[in-house]
Amino acid sequence: MEFSIRAARVEDCKDIRRLIGELAESLKDADNVTITQRDLERDGFSENPFFHCVVAEVPEQHRTKGSLTKIGYTTYFYNYNTWCGRTIHMGDLYVMPEFRGKGIGRALMSKVAQLGLAAGCHQLNFTIFDWNKSAQDFYLRQGCIDITASTGKHFMCCKGEALEHLARP
């Protein structure tokens, strides 16, 4: 199947938000998605973006039944690890179900890896749900390793009132 991978543009934010919604639905977590198209435009396409995005697109002749051509995306940002230096963190990686198994997910992930290497990054990091066996298998097939048990690290979050409380001097 013919498809292309490219850096997202601000005009893609409507489709990116749609894809985020689809991903959240598939993970049965749609109620927790509060991000808007406007948030994406501001946070990903300002002078100092908080994230970057790559989209997968098919030509018009392969568009979906709903006439959509943007069929996948991945988000990423650069980070710093004081033990190894520059890293790249991949956020979401999503391909619409009818386009899976065609190399699109791997192509999206490969693009993030290319960008990371070009920026001098030493590793690509990401998280996945422990129950998402198909995603785990996909990443293992790409040569990734699950470091959860060997590092003994837990992914932590501080948000809402707890974040407000923590920010008080």
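Residues numbered from 1 in each chain as written. Predicted model: local features only at pLDDT ≥ 70, side-chain atom pairs only at ≥ 80, totals over all residues. Heavy atoms only, no water.

**Student:** Whenever I open this one, the overall build of the protein confuses me. Can you help?
**Tutor:** A tally of helices and strands in the protein yields 6 helices and 5 strands. Starting at the N terminus and ending at the C terminus, the protein contains elements arranged as β-α-α-β-β-β-α-β-α-α-α. Taking 169 residues into account, the globule formula puts the C-alpha radius of gyration at 15 Å, and the protein, at 17 Å, falls close to it. For the protein, the spread of C-alpha atoms along the principal axes amounts to about 55 × 35 × 35 Å. By the burial criterion, 34% of the 169 residues in the protein qualify as buried. (Helix = DSSP H or I, 4+ residues; strand = E, 2+ residues; numbered from the N terminus. Rg over C-alpha atoms; globule rule 2.2 N^0.38 Å. Buried < 20%, exposed > 50% of the residue type's maximum accessible area, 1.4 Å probe, protein only.)

**Student:** How do you make sense of the sheet that holds strand E2 (residues 52-57) when you look at a structure like this?
**Tutor:** Sheet strands line up and pair through hydrogen bonds in the backbone, either parallel or antiparallel. With mixed pairing, 5 strands are arranged side by side in an open sheet as E1-E2-E3-E4-E5. The sheet is open, and its two borders are formed by strand E1 (4-7) and strand E5 (123-125), each paired with just one other strand. Taken pair by pair, the neighbouring strands of this sheet meet at an average axis angle of 30 degrees, ignoring direction. The pairing of E2 with strand E3 (residues 70-81) spans 6 bridges and is classified as antiparallel. Each residue of the ladder has a partner; that of Val54, found in E3, is Thr74. Relative to the sheet, helix H1 (residues 13-26) contacts E2, E3 and strand E4 (85-95), its axis offset from that of E3 by approximately 85 degrees. (Pairing = 2+ DSSP bridges. Axes fitted to C-alpha atoms, helices over the stretch in contact; angles between N-to-C directions. Contact = heavy atoms within 4.5 Å.)

**Student:** Teacher, can you tell me more about the nonpolar core here?
**Tutor:** General note: in soluble globular proteins, nonpolar side chains tend to be found buried as a group. Among the nonpolar cores identified, the biggest contains 33 residues, and Ile16, Tyr73 and Tyr139 are the most heavily contacted of them. At the level of elements, H1, E2, E3, E4, helix H3 (104-118) and helix H4 (133-141) are the ones that each hand at least two residues to this core. Setting aside residues no more than four positions away along its own chain, Tyr73 makes contact with Ile16, Leu19, Ile20, Leu23, Cys53, Val54, Val55, Asp92, Leu93, Tyr94 and Leu108. (Core = buried A, V, L, I, M, F, W, Y, C linked by side-chain atoms within 4.5 Å.)

**Student:** Hey, could you run me through the environment of Val54 in this one?
**Tutor:** As for its position among the elements, Val54 is in strand E2. Val54 sits 49 residues away from Ile5 along the chain, and the two C-alpha atoms are 6.8 Å apart. Other than its neighbours up to four places away in sequence, Val54 contacts Ile5, Arg6, Ala7, Ala8, Gly72, Tyr73, Thr74, Tyr76, Leu108, Lys111 and Leu115.

**Student:** Whenever I open this one, H1 confuses me. Can you help?
**Tutor:** Helical periodicity: at 3.6 residues per turn, an α-helix aligns residues three or four positions apart in one direction. With 14 residues, H1 should cover 20 Å at 1.5 Å per step; its first-to-last C-alpha distance of 20 Å lies within 8% of that length. Turning to H1, its buried residues are Cys13, Asp15, Ile16, Leu19, Ile20, Gly21, Leu23 and Ala24. Of the surrounding secondary structure, the elements contacted by the buried residues of H1 are helix H2 (37-44), E2, E3 and E4. Within two residues after H1, Lys28 carries a phi angle of roughly 55 degrees, on the positive side. (Expected span 1.5 Å × (residues − 1).)

**Student:** Any chance you could explain the packing of aromatic side chains here in plain terms?
**Tutor:** Per the counting criterion, the structure on display carries 6 aromatic pairs. On the numbers, 6.5 Å between centres and 85 degrees between planes, the contact of Phe45 with Phe51 is edge-to-face. On the accessibility criterion, Phe45 (28% relative accessible area) is partly exposed. Of the residues examined, Phe51 reaches a relative accessible area of 14% and is grouped as buried. A network of ring pairs unites the aromatic residues Phe126, Phe138 and Tyr139 as a single cluster. (Phe/Tyr/Trp six-rings, centres within 6.5 Å; stacked < 30°, edge-to-face > 60°.)

**Student:** Before we go on, may I ask you to explain unusual backbone geometry in this structure?
**Tutor:** With the exception of glycine, most residues fall at negative phi, and the peptide bonds are largely trans. One non-glycine residue, Lys28, adopts positive backbone phi at about 55 degrees. One can find Lys28 in the loop between H1 and H2. The class of Lys28 is exposed, set by a relative accessible area of 76%. Of note, the phi angle at Ser67 is positive, near 65 degrees, even though the residue is not glycine. Positionally, Ser67 belongs in the loop between E2 and E3.

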